[in-house]
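# A look at the structure
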Amino acid sequence: MPTNFTVVKVEDTGDGSNSGAAAGDSRPMDLDEVFQEEGDVDNSQEPEPDENHKESTPFINSNNDQDCSYEGKNMALYEEEMDSTPMVASLLNKLANYTNLTQGVREHEEAEDGVRRVAVMVPQMGTFIGVYLPCMQNILGVILFLRLTWIVGTAGILESLAIVSMCCICTFLTAISMSAIATNGVVPAGGSYYMISRSLGPEFGGAVGLCFYLGTTFAGSLYILGTIEILLMYIVPFDAMKVLDENDMRIYGTCCLLLMALVVFVGVKYVNKLALVFLSCVALSIMATYAGAAKTLIEPPAFNVCMLGNRALKNEMFDKCEKTELVTSLFCGLNSTCDFFDSNNMSEIVAIPGLRSGVIKENLWSNYDDADMIIEKKVSPESPSVKAESKDQYYVINDITTYFTLLVGIYFPSVTGIMAGSNRSGDLRDAQRSIPVGTILAILTTSFLYISFVILFGACIEGVVLRDKFGFSVKTMPVIGVLAWPSPWVIVIGSFFSCCGAGLQSLTGAPRLLQAIARDGIIPFLQVFGHGKRNGEPTWALLLTVGICEIGILIASLDKVAPILSMFFLMCYLFVNLACAVQTLLRTPNWRPRFKFYHWTLSFLGMSLCLSLMFICSWYYAIGAILIAGCIYKYIEYRGAVKEWGDGIRGLSLNAARYALIRLEEVPLHTKNWRPQLLVLCKLNSDLKVKHPRLLSFTSQLKAGKGLTIVGSVLEGTYMTRKADAVAGERNMKAAMAAERTKGFSHVIVSSSLRDGFSILIQSAGLGGMKHNAVLLAWPAGWKQARDSLAQRNFIETVRETTEAHQALLVAKNIDHFPDNHERLKEGAIDVWWIVHDGGLLMLLPFLLMQHKVWRKCKMRIFTVAQLDDNSIQMKKDLQVFLYQLRLDAEVEVVEMHDSDISAFTYERTLKMEQRSQMLKEMQLSRTEREREV
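Structure report, in brief. Everything numeric in this text was worked out from a predicted model, so none of it was measured. Position labels on residues start from 1 in each chain and follow its written sequence. Only residues with pLDDT of at least 70 are given local features in this predicted model, and only at 80 or more are side-chain atom pairs given and counted; all residues enter the totals for whole chains, interfaces and linings. Side-chain measures were taken over the full set of non-hydrogen atoms in the model, leaving aside hydrogen atoms and water.

Think of it this way: any DSSP run of H or I at least four residues long counts as a helix, any run of E at least two long counts as a strand, and we number them from the N terminus. Of regular secondary structure, the chain possesses 31 helices and 11 strands. Residue burial in the chain is summarised as follows: out of 934 residues, 48% are buried. Only heavy atoms matter for contacts: two residues are in contact if any of them lie within 4.5 Å across the pair. For the chain, the proportion of contacts with a sequence separation of at least 24, taken over those separated by at least 6, is 79%. Residue burial considers only the protein chains on display, and all accessible areas are found by Shrake-Rupley using a 1.4 Å probe. Split by element, the accessible area of the chain, about 47300 Å² in all, is 57% carbon and sulfur. Burial classes: relative accessible area under 20% of the type maximum marks a residue as buried, over 50% as exposed, and values in between as partly exposed (1.4 Å probe, protein chains only).

This is how it looks when you write it as structure tokens:
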């Protein structure tokens, strides 16, 4: 739609005597004048040309999906697009404007050109085509042209179909989950990274976003290695007597990488213009392959493979498949034996027998083999393989050890293009409609193509030719090129440009993905990669991408890079499914996807399949990818920026907390599970800051970060007048807790008096089973010098209410002199004057303190009081036995005191303890039972 419009005031006088209004006239216009035909416009009163207005239109732009672009039409309110723009012309126009680059590239092009394009051209593909074409191009790539025939020949048709089916089902389920996320709201630029981070939080978003970035980067390495393999094997002359040299791959791959990086750095608009060319190459290659398979029904291609017995030979070395003197001298040289050569004849077999030949029966089963084994036509399933030696350089030899899981890892990159459409979410007119339709249609199309190719290759091509990875037996050309019609060069040129285009797109998309992560600020050390050139081009991110891509180039093996690439993409797909499953199971109110063909079981199945494929492909790569994602997650959790995106993990935590609280409420607390759950009563000074910060230090030392800690304070007044003070006090309290490393909850309430406020906290702090059982407060300072007794009464009432609530009371005297968390006590003792009726709390508290590094080197001493006529030695032994049974290390000291110095209360409790011990002896209990009673 045009961006410039004019609002025309329309009035209906109702008397039929309306008159038209010329441009610039202030009188109202009649409805007939507004909707008059374009050819009936009165040209006698043309307005003066306005440079800022291309045209005037009486209606406002709409973002409805059914809106069409009427640029150049002035009054086309009821004109259908098919009448003005034919369907074929409209399709060609969209294809001409097609781009497979990620969001942000168009803005960079405009900054380079210095020209701002018309807004109507921003969404280049308003329909599903804008998602379908990028997915198709990224899915159909290097594996299709360079490895699929080899996978079919090695794994057999049945296992190849299993590999293709597993990978396609995995990506299909992921596409369904991604469609649900895409239809749950507006998906701006950022695509899959945006969806994961906003669904699972910044920790998971950053971890999976970086994994997706690494996968995209290694995908660039894969495409560049494929480009160099095609170049050195099939385009330029190559020595057929040896396999591809790794050093050549490294040298040429590095040069190709630098050249592509230079193209991306200079201007991505050139990559944009070539996107349709690259896609056309893929389409032509696919059509040529189908045409060649259909042609075999009429006439198989005239390609023969030279065989020596049952062994395939490199056809480049033999003009004729006969035992000539030259051939005999090659096989029976001075330093080699020729027993196998003498005992077997040379013959030719048809490389492409055709669909009617029945070769599909021989290709049903797998032919896995070890490295350096000669590729043979199996005479019987039990016939042993022969390992090649240095003299066997004229045979076609298997270059790597093959097995099922390896082929899964090599094949999976061929289905990793489903994110290409979602990455362009910012360019789509209606992403919520285009992403599901385009992605799922692309998956279904490519799944059909791959499955049909597996069957066609197994039904048309001889088994030994299928297992010939580089096509040495068919004059060093791609095996799929032998099948294609009209020429093998269609496949060679098409696959070369396809790999080049995919490599350029990876080098274009990966830096922008890293730039989006860096600009979110969730990973501090990546913020430098959020900067770039003046036009926003991610220069620093491009340099890092090139460096990581070079690591893949140095591996110099497409078959070794493919499993690494698979790990990172599978990790990304796993968390896309996890995001959907979590949102659905938690029933998040904001989770309302428009995509109707979705259920949480599909996401769970896709997540399980992704995890299974990770370990099927390579268990050590899978563990490595999980460790990388885990390290990034923990780094963001501890050092990353705080981002609140309303993620599903927070909802999961809330549900888990709710379930745990209900469980704690249902089951009564046992004494074995007792631990001090502290309510810390702090006071705030006139600046609303914590008056005794060491009280928080002592709390963290006592708790060691475990259990419940609630820090509360009271402000005098009314909540209406002191709400701002309460908020500021709570903020300062949280800052003090963070400084003293006290983990817990803080709460500041406003009450008419301190006494009532502390009473409210003692009664109501906590929730359900997570309530405090001990109150910690500082000893009131200066209460003796206070003129009024208010401080004394408040303290005494707090003690009484704590006792009434059956809670332990801890009063810290001289708290400001307690050690802070940075001090380390080299020596000293924690003295406990044991009172019989305390329930063991006085022994537990020193033990908990000594778990902290501040008090770790201190020792505990237990003092107890005895009368002059008591047996002090026996009391000490009994107390040592009691401590041993409690598994506490402490020194025991018995202090004898006169009767007048012992209070009646303590004497009474001690007497009851002695009477109870005597009663246990009289019951004649066993030693184990007495220990249990203790």
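Turning our attention to the pattern of salt bridges. The working definition used for a salt bridge is a side-chain nitrogen of Lys or Arg within 4 Å of a carboxyl oxygen of Asp or Glu. All chains considered together, the criterion is met by 13 salt bridges. Residue K377 is joined to E462 by a salt bridge in which the shortest nitrogen-to-oxygen separation is 3.5 Å. Of the two residues, K377 is situated in the loop between β3 (346-350) and α13 (404-411) and E462 in the loop between α15 (431-460) and α16 (463-466); the sequence distance between them amounts to 85 residues. Among the ionic pairs, E797 bridges to R755, the shortest N-O distance being 3.3 Å. A residue pair is termed long-range when its members are at least 10 positions apart, and E797 in helix α27 (residues 790-804) and R755 in helix α26 (residues 754-764) qualify at 42 residues. Since its relative accessible area comes to 40%, R755 is described here as partly exposed. Salt bridges here are not isolated pairs; linked through shared partners, they connect R147, E229, D399, K469 and D559.

Quick look at the nonpolar core now. Nonpolar cores are built from buried Ala, Val, Leu, Ile, Met, Phe, Trp, Tyr and Cys residues. Side-chain atoms within 4.5 Å join them into one set. Membership of the largest hydrophobic core comes to 150 residues, with the highest contact counts inside it found for Y411, F412, F457 and I461. When sequence neighbours within four positions are dropped, the list of residues in contact with Y411 reads I143, L148, I151, I163, V164, C167, C168 and Y450. In terms of nonpolar packing, the next biggest core, distinct from the first, is built from 44 residues, F698, M843, I862 and L888 among them.

We now examine helix α24 (residues 693-703). The element α24 is largely enclosed, with a buried count of nine among its 11 residues. For α24, the complete set of buried residues consists of L695, L696, S697, F698, T699, S700, Q701, L702 and K703. At its buried positions, α24 is contacted by β4 (678-681), β5 (709-716), α25 (719-739), β7 (774-778), β8 (808-812) and α28 (841-849).

Working definition of a disulfide: a covalent bond connecting the sulfur atoms of two cysteines. Count a disulfide wherever a pair of cysteine sulfur atoms falls within 2.5 Å. Scanning the entire structure with this criterion turns up one disulfide. Linked covalently through their sulfurs, C306 and C321 form a disulfide whose S-S length is 2.1 Å. Because the sign of the S-S torsion sets the handedness, a value of about 80° for the bond joining C306 and C321 places this disulfide among the right-handed ones. Here C306 is found in strand β1 (residues 304-308), whereas its partner C321 is found in the loop between β2 (311-312) and α11 (325-331), with 15 residues between them in sequence.

Any pair of Phe, Tyr and Trp rings, taking the six-membered ring for Trp, is counted once the centres come within 6.5 Å. Such a pair is stacked with planes under 30 degrees apart, edge-to-face with planes over 60 apart, and tilted for the rest. Inspection of every chain in the model, using the stated rule, returns 16 aromatic pairs. Seen in terms of ring centroids, W619 and Y620 are 5.5 Å apart; in terms of plane orientation they differ by 85°. Their pairing is edge-to-face. Judged by relative accessible area, W619 falls into the exposed class, the value being 54%. Since its relative accessible area comes to 48%, Y620 is described here as partly exposed.

Glancing now at the sheet that holds β5. Taken together, the five strands give an open sheet; going across it, the order is β6-β5-β4-β7-β8, and neighbouring strands pair in parallel fashion. Where the open sheet ends on each side, the last strands, each with one partner, are β6 (745-751) and β8. Between one strand and the next, the sheet's axes are offset by a mean angle of 25°, whatever the strand orientation. Here, any two strands with at least 2 DSSP bridges between them count as paired. Looking at chain direction, β5 and β6 are connected through seven bridges and run parallel. Each residue of the ladder has a partner; that of I710, found in β6, is F745. Each axis is a line fitted through C-alpha atoms, taken for helices only over the stretch in contact, and angles between the N-to-C directions span 0 to 180 degrees. Along the sheet face, α25 touches β5 and β6 and points at about 155° away from the line of β6. Docked against the sheet, α26 engages β4, β5 and β6, running at close to 155° with respect to β5.

So, about a positive patch on the surface. Residues enter patches when their relative accessible area tops 30% and they take part in no salt bridge; the joining distance is 9 Å for like charges and 5 Å for the nonpolar side chains Val, Leu, Ile, Met, Phe, Trp and Tyr. Only four residue types enter the charge count: Lys and Arg as positive, Asp and Glu as negative, with His and the chain ends excluded. A charged residue contributes its charge at one atom only: NZ of Lys, CZ of Arg, CG of Asp or CD of Glu. Residues R741, R824, K826, K853, R856 and K857 make up a contiguous surface patch of positive charge. Mapped onto the secondary structure, R856 falls in the loop between α28 and β10 (859-867).

Between two packed helices, both the angle of their axes relative to each other and the distance between the axes serve to describe the pair. With their axes 10 Å apart at the nearest point, helix α20 (residues 558-586) and helix α22 (residues 619-639) run at an angle of 45° to one another. In terms of orientation, α20 and α22 fall into the oblique class. In the packing of α20 onto α22, the handedness of the crossing is right-handed. When α20 is examined against α22, the residues K560, P563, I564, M567, F568 and M571 are found in contact with a partner set consisting of Y621, A622, A625, I626, I628 and A629. Here the angle decides the label: under 35 degrees means roughly parallel, over 145 means roughly antiparallel, 65 to 115 means roughly perpendicular, and every other value means oblique. Crossings are sorted by hand: turned counterclockwise from the far helix by less than a right angle, the near helix makes the crossing left-handed, and turned clockwise it makes it right-handed.

The span you would expect from a helix comes to 1.5 Å times its residue count less one. Look at helix α21 (residues 600-617): 26 Å from first C-alpha to last across 18 residues, which is about the 26 Å you get at 1.5 Å a residue. Those residues of α21 that fall on the buried side of the exposure criterion are S603, G606, M607, L609, C610, L613, M614 and C617. One side of α21 holds all its buried residues, which, seen down the axis, span an arc of 165°. By construction, the arc corresponds to the directions joining the helix axis to the C-beta atoms.

It is worth spelling out the sheet that holds β3 at this point. Here we have three strands laid out as an open sheet, ordered β2-β1-β3, and antiparallel in their pairing. The strands lining the two open edges of the sheet, one partner per strand, are β2 and β3. Pairing between β1 and β2: two bridges, direction antiparallel. For M307, the partnering residue across the bridge sits in β2 and is A312.

Our focus in this paragraph is a nonpolar patch on the surface. Judged by side-chain polarity, L611, F615, W619, Y620, I623, I626 and L627 come together as a nonpolar surface patch covering roughly 700 Å² of accessible area. Mapped onto the nonpolar patch, the elements with two or more residues apiece are α21 and α22. Among the elements that make up the nonpolar patch, the one with the highest residue count is α22 (five residues). Take I623: it is sitting in helix α22.

Here the focus is the environment of A510. Here A510 shows up in helix α18 (residues 488-520). Spatially, the C-alpha atom of A510 lies 9.8 Å from that of V546, the residues being 36 residues apart in sequence. Apart from the residues within four sequence positions on either side, A510 is in contact with Y213, T216, T217 and T545.

As a further point, take the packing of helix α9 (residues 246-266) against α18. Taken N-terminus to C-terminus, the directions of α9 and α18 make an angle of 60°; their axes are 10 Å apart at the nearest point. By the angle class used here, α9 and α18 are oblique. In the crossing of α9 with α18, the sense of the turn from one axis to the other is right-handed. Along the contact surface, α9 presents L257, M260, A261, V263 and V264, while α18 presents C500, G503, L504, L507 and T508. In terms of residue class, the contact of α9 with α18 is built from eight nonpolar, two polar and no charged. Each residue receives one of three labels: charged for Asp, Glu, Lys and Arg, nonpolar for Ala, Val, Leu, Ile, Met, Phe, Trp, Tyr, Cys and Pro, and polar for the others, Gly being one of them.

This part is about the environment of G205. Take G205: it is sitting in helix α8 (residues 191-235). Among the residues examined, G205 registers a relative accessible area of 1% and is labelled buried.

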